[in-house]
Amino acid sequence: MSDTTFDYIIIGAGTAGCLLANRLSADASKRVLLIEAGRRDDYHWIHIPVGYLYCIGNPRTDWLYNTEPDAGLNGRTLRYPRGKTLGGCSSINGMIYMRGQAHDYDQWARLTGDPAWRWESTLPYFKHHEDHYKGGDALHGAKGVLPELIDMEGALPATYRQVLRHQQAGGEWRVEKQRLRWDVLDAFAQAAQQAGIPATDDFNRGDNEGVGYFEVNQRTGWRWNTAKAFLRPTCYGRPNFEMWTTAQVSRLVLETQTDGSTRCTGAQIWNGLEMVTATATREVILSAGSIGSPQILQLSGLGPAELLQKHGIPVVQDLPGVGANLQDHLQIRSVYQVEGVKTLNTMANSLWGKALIGLEYALRRSGPMSMAPSQLGAFTRSDPAQPYPNIEYHVQPLSLDAFGEPLHRFNAFTASVCNLKPTSRGTVQIKSSRFEDAPAIAPNYLSTPEDRKVAADSLRVTRKIVSQPALEKFKPQEFKPGVQFQSDEELARLAGDIASTIFHPVGTTKMGRDDDPMAVVDSRLRVRAQQGLIGGLRVVDAGVMPVITSGNTNSPTLMIAEKAAHWIMEDAASRG
């Protein structure tokens, strides 16, 4: 750490940070520092798909957050996993490749007043880094496809394409078909079709209504995280790139300029031995995630004035939106006991069964060890009046009482359903001025009548699907929650008892118009001040989403980072 001055400092080597490091260091004239609080991704369970079971709740790879007691969950707290290793959450998540729906991005454009966020303007940024196993076409990208063929409408600027083409960038994010199937899941898919949900073989066309197997971020049966995709070997071989691991940012360095404005000039980092100050001559990019980014902003004096004063932090800018607007997908897990069909419950309940599973993975990179946490998906409406599919199913050939608990001893499947567009909003707030202390995470699940109604209705949709003829031969019996719960009030209260996060927190540093007092960043992700902008500071992660996407949030975060990289390069070119 002898030379601590860089052009760009990226805080967080997670989903967004790894892509940003790749793109910004493609310009050999710019020095780039990537800072990660966790360790390198050399833990073997990161790379074996089923290894998420050993990464979540493990201090080697997880921040080990918990939520505050939640009234909507009848006073319960939840484990709140966030990746703490190279690749961030892409190293411990469910690997599902999901963009969301076109109207999600059109809504972002309306809320920000910027058409750059419309679906047709974001699609090229999804495609640019995608490497789809079927190859490139109008909706998907693939390795080796020329940028101009991915970007048919010319949304990617020529300067951005020129830099990346020179570095042979693009097509790093591998998307593959899953390497297993289950009879019970095939039957559930048939039952969903009988209940009126169409079959689909692609959830990523802009309209994800339908039922089918998820596509996953894997390569030949191994997890494909953003560290593999964007850091190595590309970044590691660049002399202008530097990475610090086990280095936690304590606060940003903010300086008052001669004109009275505020500029971010670097960050203070604890490396385990000493506090080091790194300086950025161009920009600091905060990519610490929907929990870490608002925490760092608040510790640096950027946040709600009352909260900062409570903890003795000097207020640099009173930004009430920092840590507000937390949104997440809450899943309600229904368990059905079945007969006459194998599930993972009984396959893995003996040493012999586990040995066979291990052997299949060793020989073929297939079978249960190659499983994403959920294999089958479905998107539909909780009631016919909904204008778009507003609930998502993650269906699994297994069951357990809670994540981390042993599998049940009987054959069963789990149909988890989540409200894609919750109206409940929560907060992330520091508990002290110490950077080592975890913030208070309060999602406020099921805190609105709308969310409680969707929860009740979605459980009824689950029952409708399971009652169809396709599943009848397996004699499904509702083990959890239980058929005795029928009314809206009973089902909503029950959801509070059994629901759990699906690990999709967003919105805590949301982008918005200048006249939105709760917007933390503008449409180009630059941090706002009460007058103008904080110079040299952006937030680039899932926290900038004004409204959560209709599906899993990892891939939209990569798209956000791709767009941010182009804007950062564009601004650098204009300044010289």
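The structure this text deals with has already been given above.
The structure reproduced in this document is the subject of the present report.

1. What about the overall build of the protein chain?
Okay, step 1: Regarding its fold elements, the protein chain presents 17 helices and 26 strands.
Okay, step 2: Viewed in the frame of its principal axes, the protein chain has a C-alpha envelope of about 75 × 50 × 45 Å.
Okay, step 3: Counting every position in the protein chain, which comprises 576 residues, the buried fraction comes to 63%.
Okay, step 4: Residue pairs at least 24 apart in sequence account for 71% of intrachain contacts in the protein chain once pairs closer than 6 positions are excluded.
Okay, step 5: When the accessible surface of the protein chain is totalled, it reaches about 21,600 Å², and 51% of it is carbon and sulfur.
Okay, step 6: Distance between charge centres in the protein chain, computed from 60 positive and 61 negative side chains, equals 4 Å.

2. Some thoughts on the packing of aromatic side chains
Okay, step 1: Counting across every chain of the model gives 17 aromatic pairs.
Okay, step 2: Seen in terms of ring centroids, Phe6 and Trp244 are 6.2 Å apart; in terms of plane orientation they differ by 80°. Their pairing is edge-to-face. Separated by 238 residues along the polypeptide, Phe6 in strand S1 (residues 5–11) and Trp244 in strand S11 (residues 241–244) bring together distant segments of the chain.
Okay, step 3: Phe6 gets classed as buried once you look at its relative accessible area, which sits at 2%.
Okay, step 4: Residue classification places Trp244 among the buried positions, given a relative accessible area of 5%.
Okay, step 5: Geometrically, the ring pair formed by Trp173 and Phe230 is stacked, given 6.3 Å between the ring centres and 25° between the ring planes. Placement of the pair is Trp173 in strand S6 (residues 173–177) and Phe230 in helix H9 (residues 226–231), with a sequence separation of 57 residues. Exposure class is identical for Trp173 and Phe230. Each is buried.
Okay, step 6: Members of the aromatic cluster, connected to one another through ring pairs, are Tyr105, Trp108, Trp117, Trp119, Phe126 and Trp567.
Okay, step 7: The ring of Tyr361 carries Arg365 above its face, with NZ or CZ at 5.1 Å from the centroid.

3. A word on the side chain of Arg463
Okay, step 1: Relative to the helices and strands, Arg463 is located in helix H14 (residues 449–466).
Okay, step 2: Of note is the side chain of Arg463, whose polar atom sits 3.0 Å from the side chain of Glu478.
Okay, step 3: Ignoring sequence-local partners within four residues, the contact set of Arg463 consists of Tyr336, Glu478, Pro481, Gly482, Val483, Phe485, Gln486 and Leu491.

4. Quick notes on empty space enclosed by the protein
Okay, step 1: Counted according to the given criterion, the structure contains two cavities of 30 Å³ or more.
Okay, step 2: A volume near 170 Å³ is recorded for the largest cavity.
Okay, step 3: Together, 19 residues line the largest cavity, and Leu330, Asn419, Pro422, Leu446 and Asp451 are the ones closest to its centre.
Okay, step 4: Among the elements of the structure, strand S17 (330–337), strand S20 (412–419) and H14 are those that each provide at least two residues to the lining of the largest cavity.
Okay, step 5: Sort the elements by how many residues they give to the lining of the largest cavity and H14 lands first, with four residues.
Okay, step 6: Looking at side-chain class alone, the lining of the largest cavity contains twelve nonpolar, five polar and two charged residues.
Okay, step 7: For the second largest cavity, the full set of lining residues is Tyr97, Asp201, Asp202, Phe203, Asn204, Tyr213 and Glu215.

Parameters at a glance
Residues numbered from 1 in each chain as written. Predicted model: local features only at pLDDT ≥ 70, side-chain atom pairs only at ≥ 80, totals over all residues. Heavy atoms only, no water. Helix = DSSP H or I, 4+ residues; strand = E, 2+ residues; numbered from the N terminus. Buried < 20%, exposed > 50% of the residue type's maximum accessible area, 1.4 Å probe, protein only. Contact = heavy atoms within 4.5 Å. Areas by Shrake-Rupley, 256 points an atom, 1.4 Å probe, with all protein chains shown as cover. Lys, Arg positive; Asp, Glu negative; His and termini not counted. Charge placed at Lys NZ, Arg CZ, Asp CG, Glu CD. Phe/Tyr/Trp six-rings, centres within 6.5 Å; stacked < 30°, edge-to-face > 60°. Lys NZ or Arg CZ within 6 Å of the ring centre and 35° of its normal. Polar contact = N/O pair within 3.5 Å; in protein donor to acceptor, adjacent residues only side chain to side chain. 1 Å grid on protein atoms, 1.4 Å probe; cavity = no way out; pocket = protein on both sides within 12 Å on 5 of 7 lines; lining within 4 Å. Points joined across faces, edges and corners; volume = space filled by probe spheres on them. Nonpolar A, V, L, I, M, F, W, Y, C, P; charged D, E, K, R; others polar.

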